[in-house]
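Read off the chains here:
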Amino acid sequence: MSNTVRTSELMEHRIKHVVPSRVLRIKQAIEQKNFEQFAIETMKDSNQFHATCLDTFPPIFYLNDTSKDIINIVHQYNKYYDKIKVAYTFDAGPNACLFMLEETTAEFYALIKHFFSMSVPAQEKLLQGISIAPYALPENLKAIVNPLRITDGIQHVIHTKVGGGPELILDDTQHLLGADGLPKNPQ
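In this text the structure is predicted, and so the values were computed from the model without any measurement.

Where helix 4 (residues 65–81) meets helix 5 (residues 102–115), the closest approach of the two axes is 12 Å, and the angle between their N-to-C directions is 130°. As summarised for this structure, helix 4 and helix 5 are arranged oblique, according to the angle between their axes. Crossing angle aside, the handedness with which helix 4 passes helix 5 is right-handed. Contact residues: helix 4 offers D69, I73, V74, Y77 and Y81, while helix 5 offers T104, E107, F108, L111, I112 and F115. In terms of residue class, the contact of helix 4 with helix 5 is built from eight nonpolar, one polar and two charged.

With the rule as written, the count across this model stands at seven aromatic pairs. With a centroid separation of 5.2 Å and 90° between ring planes, the pair formed by F38 and F99 is classed as edge-to-face. Separated by 61 residues along the polypeptide, F38 in helix 3 (residues 35–55) and F99 in strand 2 (residues 96–100) bring together distant segments of the chain. Overall, the relative accessible area of 14% leaves F38 in the buried class. By relative accessible area, F99 is classed as partly exposed at 28%. Consider the rings of Y77 and F108, whose centres lie 5.0 Å apart with planes at 75°: the pair is edge-to-face. You can see Y77 sitting in helix 4 and its partner F108 sitting in helix 5, a full 31 residues away along the chain. One residue, K85, lies across the ring of Y81, its end atom 4.1 Å from the ring centre.

Attention now goes to helix 3. With 21 residues, helix 3 should cover 30 Å at 1.5 Å per step; its first-to-last C-alpha distance of 30 Å lies within 8% of that length. Considered for burial, the residues of helix 3 that qualify are F35, F38, A39, E41, T42, M43, S46, Q48, H50, T52 and C53. Where helix 3 is buried, its residues touch helix 1 (2–7), helix 2 (9–31), helix 4, strand 1 (86–90) and strand 2.

Where helix 2 meets helix 3, the closest approach of the two axes is 10 Å, and the angle between their N-to-C directions is 165°. Looking at the two axes, helix 2 sits roughly antiparallel to helix 3. Handedness of the helix 2/helix 3 crossing: left-handed. Together, E9, L10, M11, R14, V18, R22, R25, I26, A29 and I30 of helix 2 and Q37, F38, E41, T42, K44, D45, Q48, F49, A51, T52 and D55 of helix 3 make up the contact between the two elements. Of the residues assigned to the contact of helix 2 with helix 3, the class counts are nine nonpolar, four polar and eight charged.

Rules used throughout
- Throughout this description, residue numbers start from 1 for each chain and increase along the sequence as written.
- Reporting of local features is limited, given that this is a predicted model, to residues whose pLDDT is at least 70; pairs of side-chain atoms are given and counted only at 80 or more, and all residues count toward the totals for whole chains, interfaces and linings.
- Note that the side-chain values use all heavy atoms of the structure and ignore hydrogens as well as water.
- All axes here are fitted lines through C-alpha atoms, helices being fitted over the stretch that makes contact, and every angle between N-to-C directions spans 0 to 180 degrees.
- Think of it this way: any DSSP run of H or I at least four residues long counts as a helix, any run of E at least two long counts as a strand, and we number them from the N terminus.
- If an angle is under 35 degrees, it is roughly parallel; if it is over 145, roughly antiparallel; if it lies from 65 to 115, roughly perpendicular; otherwise it is oblique.
- Note on convention: the crossing is left-handed when the near helix lies turned anticlockwise from the far helix by less than a right angle, right-handed when the turn is clockwise.
- Here a residue-residue contact requires only that any non-hydrogen atoms of the pair lie within 4.5 Å.
- Polar here means any residue other than Ala, Val, Leu, Ile, Met, Phe, Trp, Tyr, Cys and Pro, which are nonpolar, and Asp, Glu, Lys and Arg, which are charged; Gly is therefore polar.
- Pairs were defined over the aromatic rings of Phe, Tyr and Trp, the Trp ring being its six-membered one, requiring ring centres within 6.5 Å. Orientation was assigned from the angle between planes: stacked under 30 degrees, edge-to-face over 60, tilted for the rest.
- Here's how the labels work: a residue is buried when its accessible area is under 20% of the maximum for its type, exposed when over 50%, partly exposed in between, all with a 1.4 Å probe on protein chains only.
- Remark: a charge is flagged as sitting over a ring if the NZ atom of Lys or the CZ atom of Arg is within 6 Å of the ring centre and within 35 degrees of the ring normal.
- Here the expected length of a helix is defined as 1.5 Å per residue gap, with one fewer gap than residues.

The following block contains the structure:
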């Protein structure tokens, strides 16, 4: 990112003019429990961050085709409902972090499994963390995204809930990641 700070004019603009007010709007949305506003600000921030990566010289490419497919699914799903029900952001890489209210989780997880066309063994190993109830995806919802389906584009889904904030977990059996850094199923 030091190269981004050095070469991206968009990053300079972002730091001075965008991030301070965006952080305030996100904080306000959280305090007011306004999921839709939180979701919009989060996705816009993610998009703009990745735009600064492209504005870097030479450019940085963190998002991959699966990342872009997830972005597309989220927007198509929200359009289907004419409401923001799911939001995305990405770590410093291609890994999506999706935000949604609890009542949306089972349906959206079913859509992800459908779109990414995983084998049954891959689906059985996919979910880590809190279980998600099975959901029968309606045919009209299956049709909202591009019919091109990707095989095994997603390797893990770690399902968590909002908690009381960060805390140090000393008991290794409670960790979501194994010693190898890969997700494990704590159940």
